[in-house]
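One letter stands for each residue in the lines below.
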Amino acid sequence: MTRNRTEVSAMWTELPIVQAPMAGGPSTPELAAAVSNAGGLGFLAAGYRTPDAMRADIAATRELTSRPFGMNVFMPSLDEIDPAAVAAYRDLLAPEAARLGVEPGTPGARDDAYDAKIADLVADPPALVSFTFGCPAPDVIRALKDRGATVVVTVTSANEARHASGADALCVQGSEAGGHRGSFTNTLEDLLPLRALLPAVRKVTRQPLIAAGGLATAADVAEILSLGAVAAQLGTAFLRCPESGASAVHKAALTDPRYTSTAVTRVFSGRPARGLINRFLIEHSGEAPAAYPDVHYVTAPLRRASAAQGDPDNVNLWAGEAFRETTEAPAADLVAALAPA
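Residues numbered from 1 in each chain as written. Predicted model: local features only at pLDDT ≥ 70, side-chain atom pairs only at ≥ 80, totals over all residues. Heavy atoms only, no water.

Caption draft 1: Spatial organisation of helix H14 (residues 331–338). Within H14, burial applies to Ala 331, Leu 334, Val 335 and Leu 338. For H14, the angular spread of the buried residues around the axis is 100°, confining them to a single face. Away from the buried face of H14 by more than 90 degrees, exposed residues Ala 336 and Ala 337 are located. (Buried < 20%, exposed > 50% of the residue type's maximum accessible area, 1.4 Å probe, protein only. Helix = DSSP H or I, 4+ residues; strand = E, 2+ residues; numbered from the N terminus. Arc of directions from axis to C-beta.)

Okay, here's the thing in structure tokens:
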């Protein structure tokens with residue numbers, strides 16, 4: 001039997017507010033716990049973390065909250081990589097790296113320790129486990145469900161929703177969303193904005209839908225709930241919260257008048273992701289190959305050095321289209337402000 005919105009949201013949270021998992025630092029135990037304690041649903045991010053670090057984040061969050069929270073996992077990359085293209089991009093970035101006092105990185109493991117993370121999560125999962133860049137195998141979904149976890153798969157099209165039928169719920173990510181597209185494929189084709197995508201997905205599935213993409217206000221949340229979502233997922237909105245682990249450079253850029261818009265690019269990671277348009281994005285977007293996570297490894301030293309030096313022009317400033325709506329409010333206050341009347 002299909003559950004209605006009230007029944008589903010009551011399983012996870014008092015308020016229909018989900019803090020998006022943001023890999024690379026912003027999603028901290030403090031942020032996830034603060035959101036959950038405020039009646040929303042906090043999320044951690046396993047992407048780029050070791051299995052031990054992922055487990056430590058879960059343990060730390062459990063110390064801070066007794067309420068449900070989630071962990072997001074990146075599906076392993078299935079990209080067919082052209083090593084020569086990656087090497088050429090690495091060589092091209094050598095002058096950029098030299099200016100920052102580093103060397104471009106070298107591509108490493110491509111699976112983000114997926115099998116080890118799944119084994120750990122099956123052994124002791126948080127309340128929810130979500131997946132980005134694809135849908136896990138049926139046996140993985142079944143194993144997590146058997147341990148009491150709710151499984152969520154991120155989709156960016158109605159076709160992807162059809163292929164995620166085993167999940168308990170879907171996170172429907174519109175084109176306005178900041179950071180990586182949760183798409184099953186590594187392509188730069190135009191995707192639907194959330195308010196068009198949500199009804200398109202609803203036509204092909206009765207699974208509960210969490211809506212993400214360019215949401216920033218209580219009015220936005222109320223609107224997407226009226227379109228059939230069980231909850232609103234917001235990431236950029238939480239970046240400037242004191243509990244966020246986003247770098248000082250990233251937080252400052254969200255209010256810097258030099259940055260007026262966002263764009264989708266492969267330039268930093270090799271997969272499409274939306275961020276503020278800075279110099280690096282402008283100059284190198286046409287050169288980055290479709291090679292994830294190889295490009296992520298290549299640019300990682302440059303991004304770290306740029307952030308450490310307070311230089312926003314060589315770092316990935318992930319942000320959704322509503323980035324100007326962000327505030328420095330504590331996460332609990334933001335959850336309360338986002339809750340529809």
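Caption draft 2: Region of the structure containing the sheet that holds strand S3 (residues 69–74). One open sheet holds the eight strands; their spatial order is S1-S9-S8-S6-S5-S4-S3-S2, and the pairing between them is parallel. Among the strands making up the open sheet, the edge pair consists of strand S1 (17–19) and strand S2 (42–45). With direction set aside, neighbouring strand axes in the sheet form an average angle of 25°. In this sheet, S3 lies alongside S2 in parallel orientation, the contact comprising four bridges. The residue of S3 that forms the bridge with Gly 42 is Phe 69. Sitting on the sheet, helix H6 (residues 114–123) is in contact with S3 and strand S4 (128–132), with an inclination near 155° to S3. Contacts between helix H10 (residues 218–226) and the sheet are confined to S1, strand S8 (209–212) and strand S9 (231–234), with S9 contributing the most and set at about 135° to the helix. (Pairing = 2+ DSSP bridges. Axes fitted to C-alpha atoms, helices over the stretch in contact; angles between N-to-C directions. Contact = heavy atoms within 4.5 Å.)

Caption draft 3: Inspection of the domain arrangement of the chain at higher detail. Here the chain is partitioned into domain 1 (5–76 + 111–246 + 327–338) and domain 2 (80–110 + 260–316). If you look at the interface, domain 1 gives 19 residues, while domain 2 gives 14 residues. Interface area for domain 1 against domain 2, summed over the two sides, is near 1300 Å², with a carbon-plus-sulfur share of 47%. It is His 180, Asn 186 and Leu 188 that lose the most area in domain 1 upon contact with domain 2, and together they represent 41% of the buried surface on that side. Here domain 1 and domain 2 share zero salt bridges between them. For the pair domain 1 and domain 2, the interface holds nine residue pairs in polar contact (both at pLDDT 80 or more). Per-class residue counts for the side of domain 1 that touches domain 2 are seven nonpolar, eight polar and four charged. (Domains from an automatic or database assignment. Buried area = accessible area lost by both parts, 1.4 Å probe. Salt bridge = Lys/Arg side-chain N within 4 Å of Asp/Glu carboxyl O. Polar contact = N/O pair within 3.5 Å; in protein donor to acceptor, adjacent residues only side chain to side chain. Nonpolar A, V, L, I, M, F, W, Y, C, P; charged D, E, K, R; others polar.)

Caption draft 4: Broad picture of the packing of helix H4 (residues 83–92) against helix H13 (residues 294–308). At their nearest, the axes of H4 and H13 sit 10 Å apart, and the two run at 15° to each other. The orientation of H4 with respect to H13, classified from their angle, is roughly parallel. Note that H4 runs across H13; the crossing there is right-handed. Two secondary-structure elements touch here, H4 through Val 86, Tyr 89 and Arg 90 and H13 through Asp 294, Val 295, Val 298 and Thr 299. (Parallel < 35°, antiparallel > 145°, perpendicular 65-115°, else oblique. Left-handed = near helix turned anticlockwise from the far one by under 90°.)

Caption draft 5: Main features of the pairing of strand S6 (residues 169–173). Extensive coverage of S6 is indicated by the burial of five of its five residues. Going residue by residue along S6, you find Ala 169, Cys 171 and Gln 173 tucked away on one face and Leu 170 and Val 172 tucked away on the opposite face as well. Pairing between strand S5 (residues 150–155) and S6: four bridges, direction parallel. Within S6, the residue paired with Val 155 across the bridge is Val 172. Here S6 pairs with S8 via four bridges, running parallel.

Caption draft 6: Highlighting the sheet that holds strand S11 (residues 273–276). The sheet built from three strands is open, its strands ordered S7-S11-S10 with antiparallel pairing. The sheet is open, and its two edges are formed by strand S7 (179–180) and strand S10 (262–265), each paired on a single side.

Caption draft 7: Spatial organisation of the nonpolar core. Phe 131, Leu 170, Ile 224 and Phe 238 are the most contacted members of the largest nonpolar core, which totals 65 residues. Among the domains, domain 1 (5–76 + 111–246 + 327–338) and domain 2 (80–110 + 260–316) are the pair contributing at least three residues each to this core. In contact with Phe 131, not counting residues within four places along its chain, are Asn 72, Val 73, Met 75, Tyr 114, Ile 118, Pro 136, Val 140, Leu 144, Val 151, Val 152, Val 153 and Thr 154. (Core = buried A, V, L, I, M, F, W, Y, C linked by side-chain atoms within 4.5 Å.)

Caption draft 8: Main features of the pattern of salt bridges. In this structure the tally under the stated criterion is 16 salt bridges. Where Asp 120 meets Arg 55, a salt bridge forms, and the shortest distance between an N and an O atom there is 2.4 Å. Pair noted here: Asp 120 is in helix H6 and Arg 55 is in helix H3 (residues 51–64), with a separation of 65 residues, a long-range link. Asp 120 sits in the partly exposed class, given a relative accessible area of 22%. Judged by relative accessible area, Arg 55 falls into the buried class, the value being 19%. Residues Glu 96 and Arg 279 are paired through a salt bridge, measuring 2.9 Å at the closest nitrogen-oxygen approach. Of this pair, Glu 96 sits in helix H5 (residues 94–100) while Arg 279 sits in helix H12 (residues 279–284), and the two are 183 residues apart along the sequence.

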